[in-house]
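Given next are the chains, with one letter for each unit.
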Amino acid sequence: DQAQLGRDTCRGVRLAVEQANEKGIGVPGYRLQIAALDDQHNPAQAVNVAKKFVADRDLVAVMGHFNSSCTKPASAIYHEARMVQITATSTNPDLSKQGFDTFFRVAATDDVQGPKGARYAARQLGAQRVFIIDDKTTYGKGLADEFEKEARNLGLALLGHEGITQGDKDFTPLLTRIKSFMPNLIYFGGIYPEGALLLRQARALALQAQF
């Protein structure tokens, strides 16, 4: 259900590799090639993918994983194998705190994104009454917690913080309860499959809070 994000990452990598090979840049004397596997945003499957990658002696680096919950267990395997790992998307701060010198990323961490989001909500959107939802993943909850800390510092009224489960489809009971608090902003830490459903179902309930 998050496949589009994986496809987009793969296409970006493929484009970069094609351009590098056309220009003759990269590793002198070699043409770059790609091997792609799907971790299905499942930490156990991410470990299996990592083991397959490190077992392939032709592979020298990994671009991934997408989800922080997958990147964390996989990163330990790459570090033990001394294989470079670069993630474009995993933002949980604890990934860097592991101290792995094989781990790199090119995205701002949750302790940057979360507070920035809270300041934007307060200063640009004029939010005063906020309800927070997260998807209980390493990414979603981590991001929402950082947003919440800064929102408290800014003096926003925090009406509640609830977790949902990835894969669930009906959030109407939760949103009905949230509506009774009359928030003017809902903050969601999570991914688009649940985010789209939350927004659609909120509008069906005439819950007009900014999202």
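Values in this document were obtained by computation on a predicted structure and should not be read as measured data.

Some remarks on the nonpolar core
Within soluble globular proteins, side chains that are nonpolar tend to cluster in buried spots. One finds I133, I164, L175, I178, L198 and L207 to be the most contacted residues of the largest nonpolar core, which totals 15 residues. Counting residues per element, the ones that place at least two in this core are strand 4 (129-134), helix 7 (172-180), strand 6 (185-189) and helix 8 (192-204). Discounting residues that sit within four places of it in the chain, I164 has contacts with I133, D134, D135, K136, F171, L174, F188, E194 and L198. Listed in part, the 14 residues of the second largest apolar core include F147, A151, L156 and L185.

Some points on the packing of aromatic side chains
With the rule as written, the count across this model stands at three aromatic pairs. Here the aromatic rings of F131 and F181 are separated by 5.9 Å at their centres, their planes lie at 35°, and the arrangement is tilted. Remark: F181 occurs in the loop between helix 7 and strand 6 and F131 occurs in strand 4; sequence separation between them is 50 residues. Taking relative accessible area as the criterion, F181 reaches 29% and is therefore assigned partly exposed. Pairing F188 with F211 gives two aromatic rings, centres 6.4 Å apart and planes at 35°, and the pair type is tilted. Residue F188 is located in strand 6, and its partner F211 is located in the segment after helix 8; the two are separated by 23 residues in the primary sequence. Residue F188 is classed as buried on the basis of its relative accessible area, which comes to 14%. Exposure remark for F211: the relative accessible area of 39% places this residue in the partly exposed category.

Definitions and cut-offs
Residues numbered from 1 in each chain as written. Predicted model: local features only at pLDDT ≥ 70, side-chain atom pairs only at ≥ 80, totals over all residues. Heavy atoms only, no water. Core = buried A, V, L, I, M, F, W, Y, C linked by side-chain atoms within 4.5 Å. Buried < 20%, exposed > 50% of the residue type's maximum accessible area, 1.4 Å probe, protein only. Helix = DSSP H or I, 4+ residues; strand = E, 2+ residues; numbered from the N terminus. Contact = heavy atoms within 4.5 Å. Phe/Tyr/Trp six-rings, centres within 6.5 Å; stacked < 30°, edge-to-face > 60°.

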